[in-house]
Amino acid sequence: MIPSDETFDGTWPFQARYTEAAGFRQHYIDEGPADADETLVLLHGQPTWGYLWRHLIGPLGRARRVVVPDHMGFGKSATPADSDYLACDHVDNLEAILVEVLDLHRITLVLHDWGGPIGAAFALRHPDRIDRIVAINTVLPLGQPGYRELMAGNHADSAWFRWAAAAEADGTLTEVLGNAGNTVIHAMLALQTVTRPEIVTPTWIRAYASHFTDRAECLGAIRFPQQVVAPGPKPSLPEPDPAAAAAVRAKPAILLEGMQDTALLPRYIIPAFRAAFPDAPVIELPNAGHFPQEDTPDAVLAALELFLQTTPIHAAAEH
């Protein structure tokens, strides 16, 4: 775990909060006014943590509550040895924070990478707590037509998933991702794509690599891609309930898509989103890769603010 007081040279100035409601020490931050009318929940994916959202938390939190959890095995959260690290386990952990600990309602989910499937599964469990959904270079498995075929096409063409499938087949995936402290930055740059290499400073590298001190701390990073390229007998996520899926797909939503993503390819991700939300806007970010929050944070913030201001919570509640 990254120490609770680590700020990475002041780039992560947020107060660390912890809960053990899910049976392990899980970190989250809770910024902005606690009595705000709306709460944004920002969910990271692989191989990042809450640090991914650092440019957005302050501006978004001026008038809104902003909650940013670290998934089990990432960032300032613990990496318990006895978990399967399936997506459904991460949903359970998220539910513990958002429902049991914070009892949040009127949530706008802001989802990236594996945060998309995890956040979508949470929304399927609690559609009454969700007002809006913001997807950023991610997928939302909500029972939409053609989703499986689009994901199969992405995994066959994606640099990240092609590497993961080959590495799992030859037995090197666990070795490479089990050494994520040394390999994670290369994976982000070469297999997922960061379009602004100038942001890769020693502080940035330390922020994303320092959790992964040994293989025991890399279980989360290993298991995310394995769920796709080497699925086991236990499903990563259950099939969505049709009624819950219909309720979630009726929410206001938007997709922000970094068009240079080489992990989740826009030619598959945009149709998958439109199949679930045919009337929702799609904002293409031509100069961003898999991590628009890093490549084009100002554009992401502007698009988010416009969506939030033009889709007020009272309108969202009518859905």
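Heads up: these notes are all about the structure in this document. Everything quoted here is computed from the prediction, not taken from an experiment. (Residues numbered from 1 in each chain as written. Predicted model: local features only at pLDDT ≥ 70, side-chain atom pairs only at ≥ 80, totals over all residues. Heavy atoms only, no water.)

## Looking at the overall build of the chain
At step 1: Assigned secondary structure in the chain consists of 14 helices and 8 strands.
At step 2: The C-alpha radius of gyration of the chain comes to 18 Å, within 12% of the 20 Å expected for a compact globule of 319 residues.
At step 3: Principal-axis analysis of the C-alpha atoms places the extent of the chain at approximately 50 × 45 × 40 Å.
At step 4: Burial statistics for the chain: of 319 residues in total, 60% are counted as buried.
At step 5: Expressed as a percentage of contacts within the chain between residues at least 6 apart in sequence, the contacts between residues at least 24 apart total 78%. (Helix = DSSP H or I, 4+ residues; strand = E, 2+ residues; numbered from the N terminus. Rg over C-alpha atoms; globule rule 2.2 N^0.38 Å. Buried < 20%, exposed > 50% of the residue type's maximum accessible area, 1.4 Å probe, protein only. Contact = heavy atoms within 4.5 Å.)

## So, helix 5 (residues 159–170)
At step 1: For helix 5, built from 12 residues, the straight-helix expectation of 16 Å at 1.5 Å per residue is met to within 8% by its first-to-last C-alpha distance of 17 Å.
At step 2: Within helix 5 the residues assigned to the buried category are W160, F161, A164 and A167. End-on view of helix 5: buried residues confined to an arc of 130°, all on one side of the axis. Exposed residues lying more than 90 degrees from the buried face of helix 5 are A169 and D170. (Expected span 1.5 Å × (residues − 1). Arc of directions from axis to C-beta.)

## Let's talk about empty space enclosed by the protein
Any empty space left between the atoms is revealed when a probe the size of a water molecule rolls over them.
At step 1: Evaluated as defined, the whole model comprises 2 cavities of 30 Å³ or more.
At step 2: Together, A135, T138, V139, L140, Q144, L255, I269, A272 and F273 line the largest cavity.
At step 3: With 3 residues, helix 11 (residues 266–276) is the largest single contributor of residues to the lining of the largest cavity.
At step 4: Reported here for the second largest cavity is a volume of approximately 30 Å³.
At step 5: Contributing to the lining of the second largest cavity are Q46, P47, W160, L177, A180, V184 and A187.
At step 6: Examining the composition of the lining of the second largest cavity, we find that 3 residues originate from one element, helix 7 (residues 180–193), more than from any other.
At step 7: Its residues assigned to classes, the lining of the second largest cavity shows 6 nonpolar, 1 polar and no charged. (1 Å grid on protein atoms, 1.4 Å probe; cavity = no way out; pocket = protein on both sides within 12 Å on 5 of 7 lines; lining within 4 Å. Points joined across faces, edges and corners; volume = space filled by probe spheres on them. Nonpolar A, V, L, I, M, F, W, Y, C, P; charged D, E, K, R; others polar.)

## Regarding the layout of surface pockets
At step 1: As a volume, the largest pocket reaches approximately 1000 Å³.
At step 2: If you go around the largest pocket, you meet 40 residues; those closest to its centre are P117, P141, Y147, S236 and L237.
At step 3: Secondary structure elements with two or more residues in the lining of the largest pocket: helix 2 (87–101), helix 3 (115–125), helix 4 (147–157), helix 5 and helix 9 (219–229).
At step 4: Class assignment of the residues belonging to the lining of the largest pocket gives a composition of 24 nonpolar, 9 polar and 7 charged.
At step 5: Its residues placed into classes, the lining of the second largest pocket shows 8 nonpolar, 2 polar and 3 charged.

## Some points on the packing of aromatic side chains
Aromatic ring pairs are described here by two measures, namely the spacing of the ring centres and the angle between the planes.
At step 1: Across all of its chains, the model carries 13 aromatic pairs by this definition.
At step 2: Measuring from centroid to centroid gives 5.1 Å for W12 and W49, while their planes differ by 65°, and the two rings are edge-to-face. Of this pair, W12 sits in the segment before strand 1 (17–19) while W49 sits in the loop between strand 3 (39–43) and helix 1 (54–60), and the two are 37 residues apart along the sequence. Per residue, the accessibility class of W12 equals that of W49, and both read buried.
At step 3: A cation sits over an aromatic face here: R25 above Y18, 3.6 Å from the ring centre. (Phe/Tyr/Trp six-rings, centres within 6.5 Å; stacked < 30°, edge-to-face > 60°. Lys NZ or Arg CZ within 6 Å of the ring centre and 35° of its normal.)

## Section: the side chain of K76
At step 1: The residue K76 is located in the loop between strand 4 (65–69) and helix 2 in this model.
At step 2: Within the structure, K76 has its side chain in polar contact with the backbone oxygen of S4 (distance 2.9 Å).
At step 3: In this structure, K76 is in contact with M1, I2, P3, S4, D5, E6, W12, Y18, H27, W49 and D70, ignoring residues within four places of it in sequence. (Polar contact = N/O pair within 3.5 Å; in protein donor to acceptor, adjacent residues only side chain to side chain.)

## Thoughts on the nonpolar core
At step 1: W53, I57, L140, F273 and F277 are the most contacted members of the largest nonpolar core, which totals 105 residues.
At step 2: No other element matches helix 2, which puts 7 residues into this core.
At step 3: Once you skip the residues sitting within four places of it in the chain, W53 turns out to touch L42, L43, H44, V68, V110, H112, I136 and Q293. (Core = buried A, V, L, I, M, F, W, Y, C linked by side-chain atoms within 4.5 Å.)

## Quick look at the environment of T310
At step 1: Along the chain, T310 turns up in helix 13 (residues 297–310).
At step 2: A polar atom in the side chain of T310 sits 2.6 Å from the backbone oxygen of L306.

## What about the environment of A16?
At step 1: Along the chain, the position of A16 falls in the segment before strand 1.
At step 2: Residues A16 and F161, spaced 145 residues apart in sequence, show a C-alpha to C-alpha distance of 33 Å.
At step 3: Apart from the residues within four sequence positions on either side, A16 is in contact with S4, H27 and Y28.

## Considerations on the pairing of strand 7 (residues 253–258)
At step 1: Within strand 7, 6 of the 6 residues are buried, which leaves it mostly tucked inside the rest of the structure.
At step 2: Neither face of strand 7 is exposed, since A253, L255 and E257 on one face and I254, L256 and G258 on the opposite face are all buried.
At step 3: Sheet topology places strand 6 (residues 130–136) next to strand 7; 4 bridges connect them, and they run parallel. Within the sheet, the bridge partner assigned to I136 lies in strand 7 and is L256.
At step 4: Both strand 7 and strand 8 (residues 282–285) contribute to a ladder of 4 bridges, which runs parallel. The residue bridging G258 from the neighbouring strand is L285, located in strand 8.
At step 5: In this region the chain leaves strand 7, passes through helix 11 and returns to the parallel neighbour strand 8; the handedness of that crossover is right-handed. (Pairing = 2+ DSSP bridges. Right-handed = clockwise from strand over helix to strand, strands pointing away.)

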